[in-house]
Amino acid sequence: MRIPDDWPATEDRARAVQDELRGQVVLDETGPPPGTGHVTGVDVAYDDDRDLVAAAAVVLDAATLEVVAEATAVGRISFPYVPGLLAFREIPAVLAALGDLSCPPGLVVCDGYGLAHPRRFGLAAHLGVLTGLPAIGVAKKPFTFTHDEPAAPRGSTSPLLAGAEEVGRALRTRDGVKPVFVSVGHRVSLDNACAHTLALTPAHRLPETTRRADALCRRALKEATGADEYAV
DNA sequence: GCGACAG
DNA sequence: ATCTTGTCGC
């Protein structure tokens, strides 16, 4: 898994890449059953002053949620944050981390959106297509979409809407706590994506995958010297 | 035209 | 994302 050498340099080119890759998303697979095999969380942290980005990939045993493997990667920030183009900022570092894992990632859980995206090709869909891995997005904020408040009990959902189109689901992972926003990335159904999210949230609002990856990439960023960058 | 907008 | 103290609760 190498960083594509034609990685976009401009916003217009990035949008063209999204339009070009969107057709490769696979939507007719259910995806792996929750509670079996591996589930991998990925996340990225930034240090604008040092111009550094750190990514982490943490593989969990889906049944026990224990850590099976982890990897980090540090590099230069290669793209600004532009709403709708998050993937271009995060993916190079994430690919480097995934490539360093000692075991297969299984299902990848992203901190952000999949098909719930202005061009229907968010981070999780993009990462899924580039790696071929099943992927879902679990976001903390509704982005530009609308939704009704899900009922109070854990497990309640309401559709995440772009107009009349259901692009994902607001999912309550803890009683009475604000929901997370789940969307399909690649090779996983929305029902299964929500089932995985619930299996990954026995104790917290956010999936264990996201929590582990978040903690690890922050630590990697702190410990980064700048001399240990991955090659581009 | 202006603001809002995953991380 | 990141900058940040104390505080309430399991």
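Quick note: structure is the one above.
Residues numbered from 1 in each chain as written. Chains lettered and ligands numbered in written order. Predicted model: local features only at pLDDT ≥ 70, side-chain atom pairs only at ≥ 80, totals over all residues. Heavy atoms only, no water.

### Focus: the protein's contact with DNA strand B
What surrounds DNA strand B is a group of 17 residues, the closest being G84, L86, Y113, K140 and F143. Among atoms of DNA strand B positioned within 4 Å of the protein, sugar and phosphate together represent 43%. Separating a base nitrogen of DNA strand B from a backbone N or O atom of G84 is a distance of 3.2 Å. A distance of 3.5 Å is found between a base nitrogen of DNA strand B and a backbone nitrogen or oxygen belonging to L85. Split into classes, the residues belonging to the surface near DNA strand B amount to seven nonpolar, five polar and five charged. (Near = heavy atom within 4 Å. Polar contact = N/O pair within 3.5 Å; in protein donor to acceptor, adjacent residues only side chain to side chain. Nonpolar A, V, L, I, M, F, W, Y, C, P; charged D, E, K, R; others polar.)

### Focus: helix 2 (residues 86-99)
In this model helix 2 runs 20 Å from its N-terminal to its C-terminal C-alpha over 14 residues, within 8% of the 20 Å that 1.5 Å per residue would give. The largest bend in helix 2 amounts to roughly 30 degrees and is located at P92. Of all 14 residues that make up helix 2, 12 are buried, and the element is covered over most of its length. Within the sequence span of helix 2, burial applies to A87, F88, R89, E90, I91, P92, A93, V94, L95, A96, A97 and L98. Residues of helix 2 that are buried make contact with helix 1 (11-21), strand 1 (38-47), strand 2 (52-61), strand 3 (67-76) and helix 3 (123-131). (Helix = DSSP H or I, 4+ residues; strand = E, 2+ residues; numbered from the N terminus. Expected span 1.5 Å × (residues − 1). Bend = angle between axes of the 7 residues up to and from the residue. Buried < 20%, exposed > 50% of the residue type's maximum accessible area, 1.4 Å probe, protein only. Contact = heavy atoms within 4.5 Å.)

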